[in-house]
Amino acid sequence: MFVQKDSKYNPHQFLANGHLQTLIPALFRKKIPLPFERERISTEDGDFLDLDWLKQGSSEVVVISHGLEGNSQRPYMSGMAENFFNKGYDVLNWNFRGCSGSVNRKLVFYHSGASPDLEQVVLHAEKNYRFLYLIGFSLGGNLTLKYLGEKDWPGHQKIKKAVAISVPLDLDGSCRQIDKINNKLYAFHFLYSLKRKIRQKAVQFPEIVMGKSLHRLRTLRNFDDAFTAPLHGFKDAADYYRQCSALQFLPAIRKPTLVLNARNDPFLSASCYPEEWEANPAYICLQYPRQGGHVGFSPRAKNERYWSEVRALEFILRENYL
């Protein structure tokens, strides 16, 4: 594998910076209608996960994981799903706990390092397929890379390749980045959505908010300190970020993997762009285009596909990326 610090991606002339390249597709990309079939599976701890399938009898399936406060139906998810479905693959877009439109049963929800949930999805999916491919966006990209670089999960056996897009490889650095003054719009959006979920969960579990004032949480780090970390067994936000950042797991990955991070991504710190020698060059292709934003990579023309979709398909189809 190798590091591609630049790329062939060129944004539309009116998308002049990383913020526009992030916001325009997030706000204005139309939802793609696809014939998804929903399946609900039970987790080992008595909760559930909602999976959305596109099936056409393929022997290979692409499993796609969404980002923070996303879901299986977001346009970037359905766009990637359509791209692979049109090429003959079956596709599984899955929802993290509490992200499918239904409040999950347990006190816990989801986070950047919830590998057991991804393992359960992979094991469930692999039963009818020869090969699996993993694609993850943002938080889902971090989860994908962490999962691949951890212990030898049984689900690893049929995984052939992986792609991670707009990945906060260093969770602490990315959290500091998104909480900067020029990124407050993004932080406000995520906090609003996360606080709403806590309020919904408090109907079932009133103890979740005991002694905590939601209105005083001004940053994502505040939220992770108050909820994400303690609910999921971490000491605090710093401990959560330390244990779950995918950066430390890259050297142990043994599946051909593409990491696609735009240099002008407003969510990512400098630590999210490791050098080749840090990141397992035998298996990982690091691609850092100068443009693209966060989960952006909009096409220059309406009839073109998003560049991240094109690039993901190229990587998975190509036999050798050495």
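Analysis parameters
- Residues numbered from 1 in each chain as written.
- Predicted model: local features only at pLDDT ≥ 70, side-chain atom pairs only at ≥ 80, totals over all residues.
- Heavy atoms only, no water.
- Patch = residues over 30% accessible without salt bridge, like charges linked within 9 Å, V, L, I, M, F, W, Y side chains within 5 Å.
- Areas by Shrake-Rupley, 256 points an atom, 1.4 Å probe, with all protein chains shown as cover.
- Salt bridge = Lys/Arg side-chain N within 4 Å of Asp/Glu carboxyl O.
- Helix = DSSP H or I, 4+ residues; strand = E, 2+ residues; numbered from the N terminus.
- Buried < 20%, exposed > 50% of the residue type's maximum accessible area, 1.4 Å probe, protein only.
- Pairing = 2+ DSSP bridges.
- Right-handed = clockwise from strand over helix to strand, strands pointing away.
- Phe/Tyr/Trp six-rings, centres within 6.5 Å; stacked < 30°, edge-to-face > 60°.
- Lys NZ or Arg CZ within 6 Å of the ring centre and 35° of its normal.
- Polar contact = N/O pair within 3.5 Å; in protein donor to acceptor, adjacent residues only side chain to side chain.
- Contact = heavy atoms within 4.5 Å.
- Core = buried A, V, L, I, M, F, W, Y, C linked by side-chain atoms within 4.5 Å.

## So, a nonpolar patch on the surface
The grouping of Leu20, Ile24, Leu27 and Phe28 at the surface amounts to a nonpolar patch, some 390 Å² of accessible area in total. Of note, Leu20 is situated in helix α1 (residues 18–28). Relative accessible area serves as the criterion here: at 32%, Leu20 is assigned to the partly exposed category.

## Points about the pairing of strand β6 (residues 131–137)
Taking burial as the measure, the seven residues of β6 include six buried ones, the bulk of the element. Across six bridges, β6 lies against strand β7 (residues 159–165) in parallel orientation. Note on β7: the bridge partner recorded for Gly136 is Ala164. The parallel pair β6 and β7, bridged by helix α4 (residues 139–149), forms a crossover whose chirality is right-handed.

## Comments concerning the pattern of salt bridges
One pass over the structure, following the stated rule, counts 15 salt bridges. Among the ionic pairs, Asp50 bridges to Arg38, the shortest N-O distance being 3.9 Å. Of this pair, Asp50 sits in strand β3 (residues 48–54) while Arg38 sits in strand β2 (residues 37–42), and the two are twelve residues apart along the sequence. When its relative accessible area of 2% is taken as the criterion, Asp50 is described as buried. Through salt bridges with shared partners, one network takes in Arg29, Glu82, Arg305 and Glu309.

## Focus on the packing of aromatic side chains
The tally for this structure, following the rule as stated, stands at 18 aromatic pairs. Between Tyr9 and Phe297 the ring centres are 5.6 Å apart and the planes differ by 70°, which places this aromatic pair in the edge-to-face class. Residue Tyr9 is found in the loop between β1 (3–4) and α1, and its partner Phe297 is found in the loop between β9 (284–287) and α9 (307–317); the two are separated by 288 residues along the sequence. Across the pair, Phe297 and Tyr9 agree in class, each one buried. Measuring from ring centre to ring centre gives 6.0 Å for Phe190 and Phe267, while their planes differ by 80°; the resulting arrangement is edge-to-face. In this pair, Phe190 is assigned in helix α6 (residues 184–204) and Phe267 in the loop between β8 (257–260) and β9, connecting sequence segments 77 residues apart. The pair Phe190 / Phe267 is uniform in exposure class, with both members buried. Taken together, the ring pairs in this structure connect Trp94, Phe96, Phe109 and Tyr110 into an aromatic cluster. In this structure, Lys160 packs its charged tip against the face of Phe131, placed 4.6 Å from the ring centre. Geometry around Phe315 places Lys161 over its ring, the cationic atom sitting 5.1 Å from the centre.

## Regarding the side chain of Ser58
Its place among the elements puts Ser58 in the loop between β3 and β4 (60–65). Of the polar contacts made by the side chain of Ser58, one reaches the backbone nitrogen of Glu60; its length is 3.0 Å. Among the polar contacts listed, one links the side chain of Ser58 to the backbone oxygen of Gly88, at a separation of 3.3 Å. Not counting the four nearest positions on each side in its chain, Ser58 is found in contact with Gly88, Tyr89, Asp90 and Tyr129.

## Some points on the nonpolar core
The biggest cluster of nonpolar side chains holds 65 residues, and the ones touching the most others in it are Trp94, Leu145 and Phe227. Sequence-distant contacts of Phe227, that is, excluding residues within four places in its chain, are made with Ile198, Ile208, Val209, Lys212, Leu214 and Leu217. Judged by nonpolar contacts, the second largest core, of 31 residues, contains Leu34, Met77, Val163 and Trp307.

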